[in-house]
There are 2 protein chains.
Amino acid sequence: MLAIAEVGHVGRATQRVHISQPALSQQLCKLERELGVALFTRHHRGVSPTEAGLVMLDHARKILDQVEEARQAIESLNEAKTS
Amino acid sequence: MLAIAEVGHVGRATQRVHISQPALSQQLCKLERELGVALFTRHHRGVSPTEAGLVMLDHARKILDQVEEARQAIESLNEAKTS
DNA sequence: TCAGCTTACGTTCTGCGTAAACATT
DNA sequence: AATGTTTACGCAGAACGTAAGCTGA
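Predicted model only: the values in this text are computed from it and were never measured. All residue numbers refer to position in the chain's written sequence, counted from 1. Chain letters and ligand numbers both follow the written order, the letters beginning at A and the numbers at 1. Residues qualify for local features only when their pLDDT is at least 70, as the model is predicted, and side-chain atom pairs are given and counted only at 80 or more; totals for whole chains, interfaces and linings, by contrast, use all residues. The basis for the side-chain values is all heavy atoms of the structure; hydrogens and waters are excluded.

## Here we look at the UniProt feature "domain: HTH lysR-type" (unreviewed entry) in chain A
Heads up, the rule is: UniProt positions are given in the numbering used here, feature names are shortened, and annotations may be inferred rather than shown by experiment. Secondary structure is summarised from DSSP: a helix means a run of H or I of at least four residues, a strand means a run of E of at least two, and numbering begins at the N terminus for each.
The UniProt record marks residues 1-50 of chain A with the feature "domain: HTH lysR-type" (unreviewed entry), using the residue numbering of this structure. In the segment residues 1-50 of chain A, helix accounts for 46% and strand for 12%; the C-alpha atoms at its two ends are 16 Å apart.

## Remarks on the interface of chain B and chain A
What counts, and what does not: The contact criterion used is simple: two residues touch if any of their non-hydrogen atoms lie within 4.5 Å. A pairing counts as a salt bridge when a side-chain nitrogen of Lys or Arg comes within 4 Å of a carboxyl oxygen of Asp or Glu. Polar contact is the term for a pair of N or O atoms within 3.5 Å; when the atoms are in protein, one must be able to donate a hydrogen and the other to accept it, and sequence-neighboring residues count only if both atoms are side-chain atoms.
Taken together, the contact between chain B and chain A spans 21 residues of the former and 21 residues of the latter. Seen at the junction of chain B and chain A, the total is two salt bridges. Across the contact surface, chain B and chain A share two residue pairs in polar contact (both at pLDDT 80 or more). Looking at the side of chain B that touches chain A, the elements that each hand over two or more residues are α2 (21-35) and α3 (51-82) of chain B. Counting residues per element, the side of chain B that touches chain A draws most heavily on α3 of chain B, which supplies 17 residues.

## Observations regarding the protein's contact with DNA strand D
Keep this limit in mind: We call a residue near a molecule or strand as soon as one heavy atom of that residue lies within 4 Å of the molecule or strand. Side-chain classes are defined by residue name, with Ala, Val, Leu, Ile, Met, Phe, Trp, Tyr, Cys and Pro counting as nonpolar, Asp, Glu, Lys and Arg as charged, and the others, Gly among them, as polar.
Around DNA strand D sit 20 residues in total, of which Ser 20, Gln 27 and Lys 30 of chain A together with Ser 25 and Arg 42 of chain B are the nearest. Considering the 4 Å shell around the protein, atoms of DNA strand D inside it are sugar or phosphate in 65% of instances. Ser 20 of chain A is positioned such that a nitrogen or oxygen atom in its backbone is 2.5 Å from a phosphate oxygen of DNA strand D. Note that a phosphate oxygen of DNA strand D is positioned 3.4 Å from one of the side-chain N or O atoms of Gln 21 of chain B. Looking at the surface near DNA strand D, the elements that each hand over two or more residues are α2 (21-35) of chain A together with α1 (10-17) and α2 of chain B. Tallying contributions element by element places α2 of chain A first for the surface near DNA strand D, with five residues. Classifying every residue of the surface near DNA strand D by side-chain character gives five nonpolar, eleven polar and four charged.

Structure below.
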């Protein structure tokens, strides 16, 4: 969700996530409410990350990497079983 | 979700997660369908993790730790701002 | 006026809880 | 019979998409 907004535009990010732009905006707003901090500053030419947004981006990448790692771990374990 | 089932019983885990036992069972089944692998073997005295369950457990802990780390990072960043 | 984010609103889907069923000893 | 997991089912809340609104250059 946030990781996608790293493209610089909320609207531009939609083609990566395959959801509509308002929905993505809602997700972002919800996350910001949840964290109690603004992740991006809105301006007329897309958005740019705040300080908090930057640290969050870093953590988000790590989390997603970890998830992907887990997914691949069970995947390769699956193949070993079926072979 | 999975991390809670590390208590050994699906039913016993409910008091940690504060959701009903059927709901937790559903989550577990859904995750197993999603991964295409059984995470636990069911027997008459609770459940015990399969091989896949064990590796998943390991990854799940890392992921949750990472999430917690992120949450605390923005938290401390918030406090710095307000002070 | 234009580009891009946000709000409104109705619909669809997901997740939970209660209740009932199934399985194993 | 008893313990523990799963299925059925109805409902509340969340998420999405379409459409309309808002804002700054």
